[in-house]
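Remarks on the overall topology
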Amino acid sequence: MFPSLRQPREVGIFTQGAQWAPCFFRGPGVFSGPAAGRIWTRWAVSDKATEIANLLAPTVEALGLDLLGAEYLPAPGGATLRLYIDVPLAEQPERVVNIDDCERVSREVSAQLDVEDPISGNYTLEVSSPGVDRPLFTLAQFARHLDESAKVGLKLPQNGRRRLQGRIARVDEAAGQVVFEVDGAELEVAFDNIDKARILPDWAALGLAPQKPNKPGPKKPGQGKNKPSNESAAGKPRAE
């Protein structure tokens, strides 16, 4: 096993007390061995992310936080492992994820990844709060956001489309399906065929919708033209 290569850490933006503001922390990169050189399919990438999330979830829970899920993004120059964490539901909304939480998770997870070594090659670890456009990784997470809109990417096309946007109508955990309302019609999607999904925020409900400038109404015919008043007309001398 090759020794780990530590890279400088970068801290992103966090606004204390604002539930919609993202907390982001980029941890050290790790080089644990030569890259495998394999071609990653959507299925393999998703399975790898799930495997890593299951491995790291107990470590995150021991810190009093929940690991919502993981994204594994392989690339020729080095992969990115992105973890999304949140506070337990019982502690919301009084408590929110802050930069200290992200740093603590990054330290503990980095140590575990050095030992477990689930990723071959060079990669960068990122720890983030879900943000207002939170990603959805499990059927239970879809069920908690019924009637909200989501943007979904599929592993395999369904009805000729690989991307869809619609309301989360219901979740059938027994059948392993999520039912979306898309363009006024229901669409049943197998959970195993969902590659990525994110909530589409209701910016108006959050009070963050951009304000449209007031436009003047249409002018009536003749409005704005200078007309002589009766008084001025009466004061003019008449030609004899």
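Fair warning: this is a prediction, and the values are worked out from it, not measured in the lab.

On to the nonpolar core, then. Core analysis: the biggest nonpolar cluster contains 24 residues, and L67, L81, L83, I85 and V109 have the highest contact counts within it. Looking at this core, the elements with two or more residues in it are α1 (42-61), β3 (66-73), β4 (79-86), α2 (99-116) and β5 (122-128). It is α1 that contributes the most residues to this core, six residues altogether. With sequence-adjacent residues up to four places away left out, L83 is seen in contact with L56, L67, G69, A70, V109, L125, E126, V127 and S128. Counting 16 residues, the second largest nonpolar core, distinct from the first, contains V152, F180, V189 and I199.

Now for the confidence of the model for the protein chain. Counting all residues, the mean pLDDT for the protein chain is 80, and 70% of those residues have values of 70 or more. Within the protein chain, the element-level pLDDT minimum falls on strand β1 (residues 10-11), averaging 33, and the maximum on strand β8 (residues 177-182), averaging 98. Here residues 1-21 scores under 50 on pLDDT; set against residues more than four positions off or in separate chains, the count is 52 contacts. Ignoring residues within four places in sequence, the model shows residues 28-39, a span with pLDDT below 50, making 40 contacts including any to other chains.

The next thing to look at is the layout of surface pockets. Computed from the structure, the largest pocket encloses a volume of approximately 1100 Å³. Top contributing element to the lining of the largest pocket by residue count: α1, with nine residues. A per-class count over the lining of the largest pocket returns 21 nonpolar, nine polar and 15 charged. Built from parts of two domains, the lining of the largest pocket gets at least three residues from each of domain 1 (44-131) and domain 2 (133-204).

Cut-offs applied
- Residues numbered from 1 in each chain as written.
- Predicted model: local features only at pLDDT ≥ 70, side-chain atom pairs only at ≥ 80, totals over all residues.
- Heavy atoms only, no water.
- Core = buried A, V, L, I, M, F, W, Y, C linked by side-chain atoms within 4.5 Å.
- Buried < 20%, exposed > 50% of the residue type's maximum accessible area, 1.4 Å probe, protein only.
- Helix = DSSP H or I, 4+ residues; strand = E, 2+ residues; numbered from the N terminus.
- Contact = heavy atoms within 4.5 Å.
- pLDDT = per-residue confidence, 0-100.
- 1 Å grid on protein atoms, 1.4 Å probe; cavity = no way out; pocket = protein on both sides within 12 Å on 5 of 7 lines; lining within 4 Å.
- Points joined across faces, edges and corners; volume = space filled by probe spheres on them.
- Nonpolar A, V, L, I, M, F, W, Y, C, P; charged D, E, K, R; others polar.
- Domains from an automatic or database assignment.

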